[in-house]
Amino acid sequence: MVSTKVSRRRFVAGTAVASTAVVAAPFVRSAYAAGKLSVGFWDHWVPGANKATQELVKEWADKEKVEVTIDYITSQGNKLLLTTAAESQAKSGHDILAFSTWLPSRYADQLVPMNDVVEPLIKANGAVNGTVEYLGKVDGKWLAVPATVGSQIKGPCSRIDLLKKHAGIDIQAMYPAGAAPQADAWNLDNFLKAAEACQKGGNPFGIGLGTTSDNVDAAGAFFHAFGAMLVDAKGNITVKSDPVRQALDYYKRLMAFLPPDAPSWDDASNNKFLVSGQGSLIMNPPSAWAVAKRDAPQVAEQLWTHGFPAGPKGRFGPFLPFFWGVWNFSKNQAAAKSLITFLSQAASAEKMVIASGGYDLPSFANLTTFKVWAEEAPPKGTLYHYPNPHNHQTLSIAAAPAPHKIAEQIYTQAIQTQMVVRYAKGEAMDKTLDWAAKELEGFTRN
Amino acid sequence: MADIAARNPAVIAGGQRSGLHKLMQRKSTIAFLMALPLILLIAILVAYPAGYAVYLATLNKGMTRFVGFGNFEFLFGRDTFWLVVYQSCLFAITAVIFKAIIGFVVAHFVHNIPSKGQRKWRGMLLVPWVIPPAMSTLAWLWLFDPSYSALNWILAHFGIGNIPWTGEAGWARFSVILVNVWIGSPFFMIMYLAALKSVPEQLYEAASIDGATWWQRIWYVTLPMMRNIIAITALFSLIVTFANFDIVRVLTAGGPLNSTHIFGTWAFRVGIEGGDIPLGAAVSLFMVPILAVAATFILRDITKRGSEV
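Residues numbered from 1 in each chain as written. Chains lettered and ligands numbered in written order. Predicted model: local features only at pLDDT ≥ 70, side-chain atom pairs only at ≥ 80, totals over all residues.

## Looking at the overall build of chain A
Then step 1. From N to C terminus, chain A includes 20 helices and 12 strands.
Then step 2. Taken against the 2.2 N^0.38 rule, which gives 22 Å for 446 residues, the C-alpha radius of gyration of chain A at 23 Å falls within 12% of a compact globule.
Then step 3. Once the C-alpha set of chain A is aligned to its principal axes, its extents read approximately 90 × 50 × 35 Å.
Then step 4. Sorting the 446 residues of chain A into buried and exposed places 55% on the buried side.
Then step 5. In chain A, the proportion of contacts linking residues at least 24 apart, taken out of those at least 6 apart, comes to 76%. (Helix = DSSP H or I, 4+ residues; strand = E, 2+ residues; numbered from the N terminus. Rg over C-alpha atoms; globule rule 2.2 N^0.38 Å. Buried ≥ 20, exposed ≤ 12 C-beta atoms within 10 Å, placed from the backbone. Contact = placed C-beta atoms within 7 Å.)

## Structural notes on the packing of helix 9 (residues 169–197) of chain B against helix 11 (residues 214–242) of chain B
Residue and element names in this part refer to chain B.
Then step 1. Their axes nearest at 10 Å, the elements helix 9 and helix 11 cross at an angle of 155 degrees. Regarding the angle of helix 9 to helix 11, the classification is roughly antiparallel. The hand of the helix 9/helix 11 crossing is right-handed. Contacts between helix 9 and helix 11 involve Asn 180, Gly 184, Phe 187, Phe 188, Met 191, Tyr 192 and Ala 195 from the former and Met 226, Ile 229, Thr 233, Ser 237 and Thr 241 from the latter.
Then step 2. Its residues placed into classes, the contact of helix 9 with helix 11 shows seven nonpolar, five polar and no charged. (Axes fitted to C-alpha atoms, helices over the stretch in contact; angles between N-to-C directions. Parallel < 35°, antiparallel > 145°, perpendicular 65-115°, else oblique. Left-handed = near helix turned anticlockwise from the far one by under 90°. Nonpolar A, V, L, I, M, F, W, Y, C, P; charged D, E, K, R; others polar.)

## Examining the interface of chain B and chain A
Reports of interface size often rely on the accessible area that becomes lost once the parts have come together.
Then step 1. Taken together, the contact pairs 25 residues of chain B with 32 residues of chain A.
Then step 2. Sorting the residues of the side of chain B that touches chain A by element identifies helix 5 (79–112) and helix 13 (263–273) of chain B as the ones contributing at least two each.
Then step 3. Top contributing element to the side of chain B that touches chain A by residue count: helix 13 of chain B, with three residues.

## Structural notes on the domain arrangement of chain A
All names here are of chain A.
Then step 1. The domain architecture assigned to chain A consists of domain 1 (8–151 + 321–363) and domain 2 (153–319 + 375–443).
Then step 2. For domain 1 versus domain 2, the distance between C-alpha centres works out to 31 Å.
Then step 3. Residue-level contacts link 15 residues of domain 1 with 18 residues of domain 2.
Then step 4. Of all elements in the fold, only helix 4 (103–106) and helix 6 (130–136) reach the threshold of two or more residues within the side of domain 1 that touches domain 2.
Then step 5. At three residues, the largest contribution of residues to the side of domain 1 that touches domain 2 is made by helix 6.
Then step 6. Grouping the constituent residues of the side of domain 1 that touches domain 2 by class yields eight nonpolar, six polar and one charged. (Domains from an automatic or database assignment.)

## A few points about the pairing of strand 6 (residues 145–153) of chain A
Residue and element names in this part refer to chain A.
Then step 1. Buried residues dominate strand 6, accounting for nine of its nine residues.
Then step 2. Bridge count between strand 6 and strand 11 (residues 316–326): five bridges; the pairing is antiparallel. In the strand pairing of strand 11, Pro 146 is matched with Phe 323. (Pairing = 2+ DSSP bridges.)

## Details of the environment of Thr166(B)
Then step 1. On the secondary structure map, Thr166(B) appears in the loop between helix 8 (150–157) and helix 9.
Then step 2. By C-beta crowding, Thr166(B) is classed as buried, having 29 other C-beta atoms within 10 Å.
Then step 3. Along the sequence, Thr166(B) and Ile113(B) sit 53 residues apart, while their C-alpha atoms lie 38 Å from each other.
Then step 4. Beyond its immediate sequence surroundings of up to four residues, Thr166(B) is in contact with Ser264(A), Phe144(B), Ala172(B), Ser175(B), Leu251(B) and Thr252(B).

## Some words on the sheet that holds strand 9 (residues 281–283) of chain A
Residues and elements named next belong to chain A.
Then step 1. Reading across the sheet, the four strands line up as 8-9-7-10 and stay open at both edges, with mixed pairing between neighbours. Of all strands in the sheet, those bounded by a partner on one side alone are strand 8 (205–206) and strand 10 (303–305).
Then step 2. Pairing of strand 7 (residues 156–159) with strand 10 involves three bridges; the strand directions are antiparallel. Each bridged residue has a counterpart across the sheet, and for Ser 158 the counterpart in strand 10 is Trp 304.

## Some words on helix 9 of chain B
Then step 1. Taking 1.5 Å per residue as the helical rise, helix 9 of chain B with its 29 residues ought to reach 42 Å, and the 42 Å between its terminal C-alpha atoms agrees with that figure.
Then step 2. Along helix 9 of chain B, the sharpest change in direction is near 35 degrees and occurs at Gly184(B); proline Pro186(B) comes one to four residues later. (Expected span 1.5 Å × (residues − 1). Bend = angle between axes of the 7 residues up to and from the residue.)

## A word on helix 16 (residues 346–355) of chain A
At 3.6 residues per turn, the α-helix brings residues three or four places apart onto the same side.
Residues and elements named next belong to chain A.
Then step 1. By the burial criterion, the buried members of helix 16 are Ser 348, Ala 349, Lys 351, Met 352, Val 353 and Ala 355.
Then step 2. Lining the buried residues of helix 16 we find helix 2 (50–64), strand 6, helix 15 (333–343) and helix 17 (371–375).
Then step 3. One or two residues past the end of helix 16 sits Gly 357, with phi positive at roughly 65 degrees.

## A short note on the domain arrangement of chain B
Residue and element names in this part refer to chain B.
Then step 1. Partitioning chain B into domains gives domain 1 (15–57) and domain 2 (79–308).
Then step 2. Contacts between the two partners involve four residues from domain 1 and, on the opposite side, six residues from domain 2.
Then step 3. Residues of the side of domain 1 that touches domain 2, tallied by class, amount to four nonpolar, no polar and no charged.

## A look at unusual backbone geometry
Residue and element names in this part refer to chain A.
Then step 1. For the bond from Pro 378 to Pro 379, the omega torsion is -20 degrees, close enough to zero to count as cis.
Then step 2. Cis rather than trans, the peptide bond between Ala 400 and Pro 401 has omega equal to 5 degrees.
Then step 3. Relative to the helices and strands, Pro 401 is located in the loop between strand 12 (394–396) and helix 18 (404–412).
Then step 4. Of note in the backbone geometry, Asn 78 takes a positive phi value of approximately 60 degrees without being a glycine.
Then step 5. With respect to the helices and strands, Asn 78 occurs in the loop between strand 2 (66–73) and helix 3 (79–90).
Then step 6. Despite not being glycine, Asn 388 has its phi angle at roughly 60 degrees, a positive value.
Then step 7. Turning to its location among the elements, Asn 388 is positioned in the loop between helix 17 and strand 12.

## Brief notes about the nonpolar core
All names here are of chain A.
Then step 1. The biggest cluster of nonpolar side chains holds 140 residues, and the ones touching the most others in it are Leu 230 and Val 420.
Then step 2. Mapping this core onto the domain boundaries places at least three of its residues in each of domain 1 (8–151 + 321–363) and domain 2 (153–319 + 375–443).
Then step 3. Leu 230 has contacts with Thr 238, Val 239, Val 244, Ala 399, Ala 402, Ile 410, Ile 415, Ala 436 and Leu 440, leaving out every residue within four places of it along the chain. (Core = buried A, V, L, I, M, F, W, Y, C linked by C-beta atoms within 7 Å.)

## Examining the confidence of the model for chain B
Then step 1. Scored by pLDDT, chain B comes out at a mean of 87, with 92% of its residues at no less than 70.
Then step 2. Two numbers describe this predicted complex: its pTM, 0.84, and its ipTM, 0.80. (pLDDT = per-residue confidence, 0-100.)

Right under this line is the structure:
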């Protein structure tokens, strides 16, 4: 009998071939399970936040004897979007890839169903919100798993001092740290009054009306607050409706109190506006606060993240989830599912949230009360309400509930902010609605 | 004898060898072989992607079936598409005209600088052209920034209020054209300078003897001698400017209200960001036939003038 000692590297190399033959087999910790896995994660804005996923993946890889390579792909310059498109066309690339908001549905035909991963996670971690389900589940099939890394709520981040000074609003009393919101008075009418007061006081609200994500997300939440849908869930164009007219009228009044160059804002403009000390409120995850903490501590000390104002149809906060998906051409699907399951456990999620300074948000209901959000400072508790711990607002996405192929076009072409700017700049309401209807009609083509 | 020689296998082989030898010694064969790596490179990096783009443009949104010219028909019915056509033409034609004028004027200035200091000026004037456009456009973006615009800060010192450089359609169009002109003028300048240097001095001397004014020297000597260079430079720049992407993408991303979108940025918005790759491909291919016809006419004119000379 000849005994051969196989090093881990040789073992891994040898089993890589074997593992490709069992792609559909459930992942078990055995020789078949080992092999290679390549992962494309979203490259985090927050310095050091990637370390959490790096450590977690290493922990899993050591345990499961899988050789994992990680690429952190930035979304700057649409690099992640281009990588996803290229991999889809080439039918080759990472086994696991981070898919931003609309991409699971765009690549539905090329993604491995994840029901066997998501359903147990929901049982363990609680339900996911409606937006995650709308974006990640099509025809009863989970296309990807909601990822903690990169998922975010773009609610208001306000200056405590300026809201008090100009508008007489004590935002900390409305959204007390460690307790449920007392924000019945935080509605669209009072929001408008506050916007006017702050603008007159020289510190306007910084809500952009450009075509990038932050602008579109904010517009989407305001439209939802009026029940304004451009296209309904069945794909019917519903833009010429009273709620849409009401939303446009409201925005026109609001726009008068926003900075005049708001139509040209991108996703960095609102952050800069707040950190510079000019703005009194923006719609953003805590990245602006994190930058202020580093560059303008006196501003950071006055920032408070909280919920959206309520409209006639409710209170909606923009939620942008990231997903982890597995391509159907992946050669190690079982291992990929195992890794995603591991990364979605409560302990892993908490580690990611801590590493990102509270920026990342798990999508599961039971994972919104980690200590980090209550403890982040200054001021202490500034992020307590960021993950919506009391379900105070409905988490939503602009363009929902339109069918994905239409909604994605509405979102990426910023139809809502374009409508707002057209109407606010003097175009007749009917002309704006006609323009939008024609654009939407184009999006319905197959 | 010839018959015998032809039937001799050794002679036939020798004849083939000498034929191949002769072929290899022909200048055109050597030229072809030397150009072959470049031809292959172009085939892989240009011809294949272009052909693939044509193929994509004939598919439906889901890329599952052939629709022929369906995507183009669809585009013709879209207002936004015609806005993009208008903006692309405005952007490219205006920018090329200004680049040509500025390049022509600056080339004359540089030409008249004594040769000792000329190299220094040529180098400095080429700087905007040699910096990668994405980088220099980023610097312009900061100059135009809504909150921190350095240009507005300077204007404020002269009592001029804030200008929405990228926030209002007219100003945004002006801004993207301005940056394109800033980046592209040095190319025209250096081409025109080379052309100016090749105009024989005797022609100017003869014109002076005939009493030609400064303007007549330019009109009857300089311009006719530079015609080919002007045509080629304008054509080349027109094609490149129509195909521009980075300036608009970085400065305005096509906004506000799609007013600065050009073919490249609109194709990216529709195809990559919006997930409609066939439509994006159709947008990007729209100018190909128009530019191809323009290029054919301009190049044919140049060849005709070349043979006249």
